[in-house]
Amino acid sequence: MQIADKVFIVTGAASGLGEGTARHLSSLGGRVLLADLKAEAGQALAQEIGGAFVRCDVSSEADGLAVVQRACELGTLAGLVNCAGIAPAAKTVGKDGAHELALFAQTLQVNLLGSFNMIRLAAAAMSRNAPEPSGERGVLISTASVAAYDGQIGQAAYAASKGGIVGMTLPIARDLARSGIRNMTIAPGIFGTPMLFGMPQELQDALAASVPFPSRLGRPLDYARLVQHIIENEMLNGEVIRLDGAIRLPPR
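Here the structure is a predicted model, which is why all the values come from computation and not from measurement.

A. The arrangement of the overall build of the chain in detail. The helix and strand inventory of the chain stands at nine helices and nine strands. In terms of overall size, the chain behaves like a compact globule, its C-alpha atoms giving a radius of gyration of 18 Å where 252 residues would be expected to give roughly 18 Å. When its C-alpha atoms are laid out on the principal axes, the chain stretches across 55 × 35 × 35 Å. Burial status across the chain gives 48% buried among its 252 residues. When contacts within the chain are restricted to residue pairs at least 6 apart in sequence, long-range pairs at least 24 apart make up 70% of them. Per element, the accessible surface of the chain, about 11,800 Å² overall, is 55% carbon and sulfur. Taking the 21 positively charged and 22 negatively charged side chains of the chain as two groups, their mean positions are separated by 3 Å.

Here it is in C-alpha cells:
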C-alpha cells in the first residue's frame, strides 16, 4: 500500500512513538489524523504537520467513532496505528499491600480494550473502501511491548495488557483477511519516550547499555520506519515484530 494521499489515524499521537509516527507518515505524503487526550499538544502538532486532531479516549466507543468519522472526511482511511497506552508500575503485593485492582483494570482498559476498540471501528470503515489493485483495503498496526514476553517486576498489569495485544494479533488478521485488511503488531523494547524519560538518568543509561546492538535507547523514528515498512509490504500480516535490538533483560 502506498502512503501518499492516504489517511492514517495515529492514537497517542501527541508524544512519544505516536508523535514520531505522525511526523514520519506526514513527511511521506500521508494525511494524518492525530488522536490523543492531550489536546493542546495534539492540536499544535497537527497544525505543524498539516494534519487534523481529535481529542480521544481510545477506550470510549463514542470517541473512537468520532475519530474514524473525521478520518473518513479527510479521504480514504487506509491505516490505523495504535500508540496510545499507559505503563503503571506496581507489584502484586508491595509495601502498601495488594496491587490496586482499579489500576490493573485501568491498564487493561486503555492498552488492550482501547486498542481493540480502535481496531474494530477503523476496520469497519476500511471494509467499505474500494480495494487496491492487490485487493487490499487497509492496514492496522498496534503497539505491544517486549514486556509481553519478558515482563519485569512491577509489570503484571502492563505485561498482561500487552500480552493481550500479542494474543489477538493473529485472530484479528484471520477475521479481516476476506476484507483485504491486514493486522500487525510491533513489540518495542526500551525506547526513549516520555514514560522512560521520567526515570532517573542513571537507570536510563543502564537500560540503554543493556541493549546488545545498537547499545542505545530506541527512537520514535525507529518505530515509525517499521510502521512505514509494514504499510508498504503487503505480505506482512498476522505477526508480531519485536523491535528491541535483541534485548534480553535478566530478572531483577
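Having seen the structure, we can now continue with the description.
B. Layout of the nonpolar core. By size, the foremost hydrophobic cluster in this structure holds 30 residues, and its most contacted members are I9, L33, V67, L77, L80, M126 and L140. The set of elements that each furnish at least two residues to this core consists of β1 (7-11), β2 (31-36), β3 (52-55), α3 (61-74), β4 (77-82), α4 (101-126), α6 (156-176) and β8 (181-188). The element contributing the most residues to this core is α4, with eight residues. Of all hydrophobic cores here, the second largest spans 27 residues; its members include I3, I186, F191 and Y223.

C. View of the pairing of β1. Of all the five residues making up β1, five are buried; the element is thus mostly covered by neighbouring parts of the structure. Of the two faces of β1, the one carrying V7, I9 and T11 and the one carrying F8 and V10 are both buried. With five bridges connecting them, β1 and β2 associate as parallel partners. The residue bridging V7 from the neighbouring strand is R31, located in β2. The β-α-β motif built from β1, the intervening helix α1 (residues 16-27) and the parallel element β2 has right-handed crossover chirality. Note that β1 and β4 share five bridges and pair parallel. Bridge pairing in β4 places T11 opposite N82.

D. Spatial organisation of the packing of α3 against α4. Contact geometry of α3 with α4 gives a least axis separation of 10 Å together with a crossing angle of 35 degrees. Helix-helix and strand crossings are classified by hand; for α3 and α4 the assignment is right-handed. Side by side, α3 and α4 meet where E61, G64, L65, V67, V68 and C72 of the first sit next to N117, M118, R120, L121, A122 and A125 of the second. Tallied by class, the residues present in the contact of α3 with α4 amount to eight nonpolar, two polar and two charged.

E. Structural view of the sheet that holds β8. Spatially, β3-β2-β1-β4-β7-β8-β9 is the arrangement adopted by the seven strands of the open sheet, whose pairing is parallel. Looking at strand neighbours, the two that pair on one side only are β3 and β9 (240-243), the edges of this open sheet. Here the strands of the sheet are splayed against their neighbours by 20 degrees on average, with no regard to which way each runs. Its contacts with the sheet put α1 on β1, β2, β4, β7 (138-143) and β8, and the angle it makes with β1 is roughly 165 degrees.

F. Geometry of α4. Under the 1.5 Å per step criterion, the end-to-end length of α4 is 36 Å for 26 residues, consistent within 8% with the ideal 38 Å. In α4, a bend of some 35 degrees at L113 exceeds every other bend along the element.

Definitions and limits used
Residues numbered from 1 in each chain as written. Predicted model: local features only at pLDDT ≥ 70, side-chain atom pairs only at ≥ 80, totals over all residues. Heavy atoms only, no water. Helix = DSSP H or I, 4+ residues; strand = E, 2+ residues; numbered from the N terminus. Rg over C-alpha atoms; globule rule 2.2 N^0.38 Å. Buried < 20%, exposed > 50% of the residue type's maximum accessible area, 1.4 Å probe, protein only. Contact = heavy atoms within 4.5 Å. Areas by Shrake-Rupley, 256 points an atom, 1.4 Å probe, with all protein chains shown as cover. Lys, Arg positive; Asp, Glu negative; His and termini not counted. Charge placed at Lys NZ, Arg CZ, Asp CG, Glu CD. Core = buried A, V, L, I, M, F, W, Y, C linked by side-chain atoms within 4.5 Å. Pairing = 2+ DSSP bridges. Right-handed = clockwise from strand over helix to strand, strands pointing away. Axes fitted to C-alpha atoms, helices over the stretch in contact; angles between N-to-C directions. Left-handed = near helix turned anticlockwise from the far one by under 90°. Nonpolar A, V, L, I, M, F, W, Y, C, P; charged D, E, K, R; others polar. Expected span 1.5 Å × (residues − 1). Bend = angle between axes of the 7 residues up to and from the residue.

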